[in-house]
Amino acid sequence: GDEEVRLAREVVQGLAFQPDRLVVRYDWHAGVTGRLLAALVPPPERERLQAYVERLATLRPKSVAGGRIALVQLLPPLFELARQRSAAGGDAAQENRAAILALAFAPFPRQLVAVVPGARHWRLPPRWQLTLHGRIDFPLHFVVSAALAVEAGGPLADAIGVFKETLDAGDGSGFSFNDIAADRAGRRFGELAVRAPGRLQQAMAAGDQEGATLRR
């Protein structure tokens, strides 16, 4: 975007290619961070994201042992909102994207302020510990991979998931094929969100069963 180009020209003072590195000289002065965040999340996207974050804040999902919340409880109301906003003239793929990003911040909503400073004035949901198929790690794998897929495409989401498990294999927790499965499910979900946005909205708005499947 234009603002990103202006920031780059203002901040980057020089580039130098050396045999084994690229040297970048830059001037990160006061105000750059705020301008960069504003450029990364422009007003129309902030408005969409706010709608889904505040929809999450209105929910009162049922909790299980330890106050955990099944991720599947959050999907129908979010994607029903996406369906309604799309029917009112919104871009269905962009509505799905905003819904998935809101889900990605559901486990730690206060951190959203670091990305969207204006979110400090939004109505934020409580911090939920989400579960998927009884596991507390699966929701993070699923929603982060979905968010990566809608932002940058499926291959990147797959690569990051495998890289993370490779790191786990070296630090003692081990390589998990279950985690990879959750990553791949999230990636597929994100791909459908932009490739078949209306179909995904209808399927998610209508069902709240973890065992439900989407077929091609």
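Given the structure is predicted, the values throughout are model-derived calculations rather than measurements. (Residues numbered from 1 in each chain as written. Predicted model: local features only at pLDDT ≥ 70, side-chain atom pairs only at ≥ 80, totals over all residues. Heavy atoms only, no water.)

Peer 1: So what about unusual backbone geometry? Which residues, and what values?
Peer 2: In this model, H133 sits at a positive phi of 55 degrees, which is unusual for a non-glycine residue. Position of H133 relative to the elements: it lies in the loop between strand 5 (129-131) and helix 7 (138-152). Overall, H133 belongs to the exposed group, its relative accessible area being 64%. (Helix = DSSP H or I, 4+ residues; strand = E, 2+ residues; numbered from the N terminus. Buried < 20%, exposed > 50% of the residue type's maximum accessible area, 1.4 Å probe, protein only.)

Peer 1: Outline the nonpolar core, supporting the account with residue identities and numerical values.
Peer 2: Of all hydrophobic cores here, the largest spans 45 residues; its most connected members are F79 and L112. Elements that contribute at least two residues to this core include exactly helix 3 (43-58), helix 4 (75-87), helix 5 (92-104), helix 6 (112-115), helix 7, helix 9 (177-195) and helix 10 (197-206). Looking at this core element by element, the count peaks at seven residues for helix 5. Contact partners of F79, with chain neighbours within four places excluded, come to N96, A99, I100, F189, L200, Q201, M204 and A205. (Core = buried A, V, L, I, M, F, W, Y, C linked by side-chain atoms within 4.5 Å. Contact = heavy atoms within 4.5 Å.)

Peer 1: Help me get a handle on the pattern of salt bridges, residues and values and all.
Peer 2: Scanning the entire structure with this criterion turns up nine salt bridges. We note a salt bridge from R135 to D137, for which the minimum N-O separation is 2.8 Å. Among the ionic pairs, R135 bridges to D179, the shortest N-O distance being 3.7 Å. Of this pair, R135 sits in the loop between strand 5 and helix 7 while D179 sits in helix 9, and the two are 44 residues apart along the sequence. Taking relative accessible area as the criterion, D179 reaches 6% and is therefore assigned buried. (Salt bridge = Lys/Arg side-chain N within 4 Å of Asp/Glu carboxyl O.)

Peer 1: So what's going on with helix 4? Which residues, and what values?
Peer 2: An ideal rise of 1.5 Å per residue puts 18 Å on 13 residues; helix 4 measures up with 18 Å between its terminal C-alpha atoms. In the core, the buried residues of helix 4 are packed alongside helix 3, helix 5, helix 9 and helix 10. Just beyond helix 4, the residue with positive phi is G89, at close to 115 degrees. (Expected span 1.5 Å × (residues − 1).)

Peer 1: Go over the pairing of strand 2 (residues 21-26), please, and point to the residues and values.
Peer 2: Put simply, side chains in a regular strand alternate between the two faces of the sheet. With six bridges connecting them, strand 1 (residues 12-18) and strand 2 associate as antiparallel partners. Following the sheet pairing, L15 is matched in strand 2 by V24. If you look at the hairpin formed by strand 1 and strand 2, you'll find two residues sitting between the two strands. (Pairing = 2+ DSSP bridges.)

Peer 1: Residue-level account of the sheet that holds strand 3 (residues 63-64), with values.
Peer 2: Consider a sheet: its strands pair through backbone hydrogen bonds, and that pairing is either parallel or antiparallel. The mixed open sheet is built from three strands, whose spatial order is 3-4-5. Each edge of the sheet is formed by a strand with only one pairing partner; in this case those strands are strand 3 and strand 5. The pairing of strand 3 with strand 4 (residues 68-70) spans two bridges and is antiparallel. Residue pairing in the sheet places S63 in a bridge with I69 of strand 4.

Peer 1: Give a description of the confidence of the model for the chain that names residues and reports values.
Peer 2: On average, residues of the chain score 83 in pLDDT, and 83% of them reach the 70 mark or higher. Taking the mean pLDDT of every element in the chain, the minimum, 55, falls on helix 8 (residues 154-171) and the maximum, 95, on helix 4. (pLDDT = per-residue confidence, 0-100.)

Peer 1: Just give me the short version of a nonpolar patch on the surface, but keep the residues and values in it.
Peer 2: On the surface, V12, L15, F17, L22, V24, Y26 and W28 cluster together to form a nonpolar patch covering roughly 780 Å² of accessible area. Contributing elements (two or more residues each) for the nonpolar patch: strand 1 and strand 2. Tracing the backbone shows V24 in strand 2. Judged by its relative accessible area of 38%, V24 is partly exposed. (Patch = residues over 30% accessible without salt bridge, like charges linked within 9 Å, V, L, I, M, F, W, Y side chains within 5 Å. Areas by Shrake-Rupley, 256 points an atom, 1.4 Å probe, with all protein chains shown as cover.)

Peer 1: Lay out helix 5 with the relevant residues and their values.
Peer 2: Between its first and last C-alpha, helix 5 extends 18 Å over 13 residues, near the 18 Å set by a 1.5 Å rise per residue. Within helix 5, 12 of the 13 residues are buried, which leaves the element mostly enclosed by the surrounding structure. Among the residues of helix 5, those classed as buried are A92, A93, E95, N96, R97, A98, A99, I100, L101, A102, L103 and A104. Against helix 3, helix 4, helix 7, helix 9 and helix 10 lie the buried residues of helix 5. The N-cap of helix 5, judged by a side-chain oxygen 3.0 Å from the amide nitrogen of A93 a few residues on, is D91. (Polar contact = N/O pair within 3.5 Å; in protein donor to acceptor, adjacent residues only side chain to side chain.)

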